[in-house]
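# Survey of secondary and tertiary structure
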Amino acid sequence: MIGIMPEGFEFPWDDIEVWIPFQHWPSFNLNRNNGHGAAVGRIKPGISIEAAQTELKAIAARLAQQYRESNADRSVDLVLMKETVVADIRSSLFVLMGAVGFVLLIACTNVANLLLVYPDRLIYVTSMSAPSISPFISTIRAPLIGMPFCVVVSVGGQYIANVLNAPNIAYAHLPHCLLIPFLILVLTPNALLKMRFRQLALTSRELVLIFAMGLIASIAPDWAMNWYLMAVITAPYYYASVENQWETKFFDYLPDWLVLDYDAARGFFEGIGPGRPIPWHDWATPLFWWGSFIVAMLFVGACLVVMLRKQWVEHEKLRFPLGEIAIHLIGAERDGKDDSAWPPFYRTSLFRTGFITMLMLSLYNCTTYWTGWSHFPIMGGATDTFILTIDPAYPAQVFRLNIFSLCFAFFINVEILFSLWFFQIFSTLQAGYLNRIGMTSTTLVPGGLVSIEFIGGMIFFVLWGIWMARRHLWSVVCHAFGRPSELDDRNELFSYRTAVFGLIIGFLYIMYWLHHAGVAFLVIALFLFFLFVFYLAVARVMAEAGLVMIDLPINANQFTVGMIGSANVSTPTITGMALTNAFARNWRTFT
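The following refers to the structure shown. A quick note: this is a predicted structure, and the numbers were derived from the prediction, not measured.

Attention shifts here to the overall build of the protein chain. When its secondary structure is counted, the protein chain shows 22 helices and two strands. The burial tally for the protein chain puts 39% of its 591 residues in the buried class. Put simply, 73% of the contacts in the protein chain that link residues at least 6 apart link residues at least 24 apart. When the accessible surface of the protein chain is split by element, carbon and sulfur atoms take 65% of a total near 34,700 Å².

As a further point, take the nonpolar core. Ranked by size, the top nonpolar core spans 115 residues in total, and within it Phe182, Trp290, Leu531 and Phe583 carry the most contacts. If you tally residues by element for this core, the top one is helix α20 (residues 521-544), at 16 residues. Excluding residues within four positions of it along the chain, leucine 531 makes contact with Met297, Ala556, Phe583 and Ala584.

Let us now look at the environment of alanine 264. Turning to its location among the elements, alanine 264 is positioned in helix α11 (residues 262-270). Judged by its relative accessible area of 5%, alanine 264 is buried. With 30 residues separating them in the primary sequence, alanine 264 and threonine 234 have C-alpha atoms 8.1 Å apart.

Turning our attention to unusual backbone geometry. What is expected of a backbone is that most residues other than glycine have negative phi and most peptide bonds are trans. Unlike most non-glycine residues, glutamine 245 shows phi in positive territory, near 60 degrees. Position of glutamine 245 relative to the elements: it lies in the loop between α9 (226-238) and α10 (246-249). Overall, the relative accessible area of 41% leaves glutamine 245 in the partly exposed class. We note that lysine 317 has phi near 55 degrees; this positive angle belongs to a residue other than glycine.

Another aspect to go through is helix α21 (residues 556-564). For α21, the full list of buried residues reads Ala556, Asn557, Phe559, Thr560 and Val561. Where α21 is buried, its residues meet α17 (448-468), α20 and α22 (571-579). Phi for glycine 565, located one or two positions after α21, is positive at around 100 degrees.

This paragraph deals with the pattern of salt bridges. Inspection of every chain in the model, using the stated rule, returns ten salt bridges. In this structure, the salt-bridge partner of glutamate 492 is arginine 309, at a minimum N-O distance of 2.8 Å. Of this pair, glutamate 492 sits in the loop between α18 (470-480) and α19 (496-516) while arginine 309 sits in helix α12 (residues 280-315), placing them 183 residues apart in sequence. Note that arginine 540 is salt-bridged to glutamate 544, the shortest N-O span being 3.1 Å. Pair noted here: arginine 540 and glutamate 544 are both in helix α20, with a separation of four residues, about one helical turn. What makes glutamate 544 partly exposed here is its relative accessible area of 32%. A single salt-bridge network, built from bridges that share partners, covers Arg309, Lys310, Glu314 and Glu492.

Moving on to the side chain of asparagine 557. Residue position: asparagine 557 is located in helix α21. Reaching out from asparagine 557, the side chain makes a polar contact with the side chain of asparagine 581 at a distance of 3.1 Å. In this structure asparagine 557 touches Phe527, Met577, Thr580, Asn581 and Ala584, once residues within four positions along its chain are discounted.

What follows concerns the packing of helix α16 (residues 414-436) against α17. Remark: α16 packs on α17, axes separated minimally by 8 Å, with the N-to-C direction vectors making an angle of 140 degrees. It follows from the interaxial angle that α16 and α17 lie oblique. For the crossing formed where α16 meets α17, the hand is right-handed. Residues Phe423, Ser427, Gln430, Ala431 and Leu434 of α16 form the contact with α17, whose participating residues are Leu449, Val450, Glu453 and Phe454. In terms of residue class, the contact of α16 with α17 is built from six nonpolar, two polar and one charged.

Right, let's talk about the packing of aromatic side chains for a bit. Counted by the stated rule, this structure contains 36 aromatic pairs. Ring centres of phenylalanine 268 and phenylalanine 269 lie 5.4 Å apart, and the angle between their planes is 85 degrees; this geometry places the pair in the edge-to-face category. Its relative accessible area of 16% is what places phenylalanine 268 among the buried residues. Of the residues examined, phenylalanine 269 reaches a relative accessible area of 33% and is grouped as partly exposed.

Rules of the game
- Residues numbered from 1 in each chain as written.
- Predicted model: local features only at pLDDT ≥ 70, side-chain atom pairs only at ≥ 80, totals over all residues.
- Heavy atoms only, no water.
- Helix = DSSP H or I, 4+ residues; strand = E, 2+ residues; numbered from the N terminus.
- Buried < 20%, exposed > 50% of the residue type's maximum accessible area, 1.4 Å probe, protein only.
- Contact = heavy atoms within 4.5 Å.
- Areas by Shrake-Rupley, 256 points an atom, 1.4 Å probe, with all protein chains shown as cover.
- Core = buried A, V, L, I, M, F, W, Y, C linked by side-chain atoms within 4.5 Å.
- Salt bridge = Lys/Arg side-chain N within 4 Å of Asp/Glu carboxyl O.
- Polar contact = N/O pair within 3.5 Å; in protein donor to acceptor, adjacent residues only side chain to side chain.
- Axes fitted to C-alpha atoms, helices over the stretch in contact; angles between N-to-C directions.
- Parallel < 35°, antiparallel > 145°, perpendicular 65-115°, else oblique.
- Left-handed = near helix turned anticlockwise from the far one by under 90°.
- Nonpolar A, V, L, I, M, F, W, Y, C, P; charged D, E, K, R; others polar.
- Phe/Tyr/Trp six-rings, centres within 6.5 Å; stacked < 30°, edge-to-face > 60°.

Rendered as structure tokens:
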């Protein structure tokens, strides 16, 4: 033991308690081409940054003379730890904004146009008795407010995820990066305005539109979309090394129109330096093709929404609990006699008690960051868990309290909540029994045979839902081709004809794009089947159960390759399927 750090010391993360000498395999230590490591040191008191930089550059120059093959073009830069932690993220954030900006612009403009063209179809809200402003101003100001709000949600969410290291800010289906800005920047100022100038306040319909635009903008930050997309675009050439042998295994089949070369990717990860412009010419091609694919996926999803909305809403009468939460949050359910500044949901004593209690607990937890006191385990962190082990043969049950999920669970149907508990216990008992009798095997799905069984049940769940909707879907197709039907599509986002033909054209473009990326047509067909089955399953669960956080144990691309067998798939197809990680597990954006 060399020493003990003082209490409260945290480096590089707050859950690190022991540091050991760095050790690697011998070939790594002998290979001078490995440049993945970084050194952290403390400058001797009295020595300036400039003097230390000069000494390090002299050492680097001597190494360049001694090892010309590996160190000829290498130098060393000395930066403050603070600058390294916060990083120069300006260029990266601008790139991320460019990657999704035009998608947000298209989506938000379409939502705004829906209100401008069909203002009476978004939501029915009874009129107030107070005098109102001009109908044109009332219609146009919501999109004008919604556009900068979308920038706050998307860019602010990305900034908080990257700089403040809070990736969960955009993970949930009603994410923090939407709810917090909406409460602070829109709902509270509107309530204050309504107290003094009620005729100038935003109506419930306008609040719904702004909330919807912000919800669309929340599909961009970090885990919502950028996390997966940017990793696929930037990682292949940057993380290639002699050890992983990526260059020899699949670089010949890697589409250069979908990924960055090494120099551009290095600028993204390490920074391009002060005063240098962002190399947009390197980004233009992959952003264009990935953007076109994302637009096609979103459009296909919109077509499916149009085709299934009437079945889910009017025939099966799904509840959409997350939609109920938004309605209560905005106050769109109030009647025409309620002219209070705050929605009814906020005026109940139960809400006020819960709000004050959780606010005090959250503020206390914030102070524990500096005081070192024990915090209340209300956010379900990795260390705030209770693990129950019934028997070594049975999977351990991890219990954690996440107040965010618990609050949203209040709106979930009781029968569905019971089903979640029942099948969790059932899967645990089943897995333990299989382990006891020796039926354990490594499968492509984490969780083994039981998880495979549950994936099969999910596929049947979706196919059964489509079978139940067969008459409605057939009527939609007949209506699209001009045959007589009783359907009326005037209250849909767009016509059934646009939905059906848009679905066909969108699928054709997606198939062409994937094939051009190297994936074989037969694999494409199976992959798209599993992909949209998984998407529909998550969307149906969200519509019926309202789980604010949901994930699947495996992605559609992994499941497809596992069903076929990697030995039966060509290298170009494997490479192309690896690129689909950008969207294959993205449940938030495409559901």
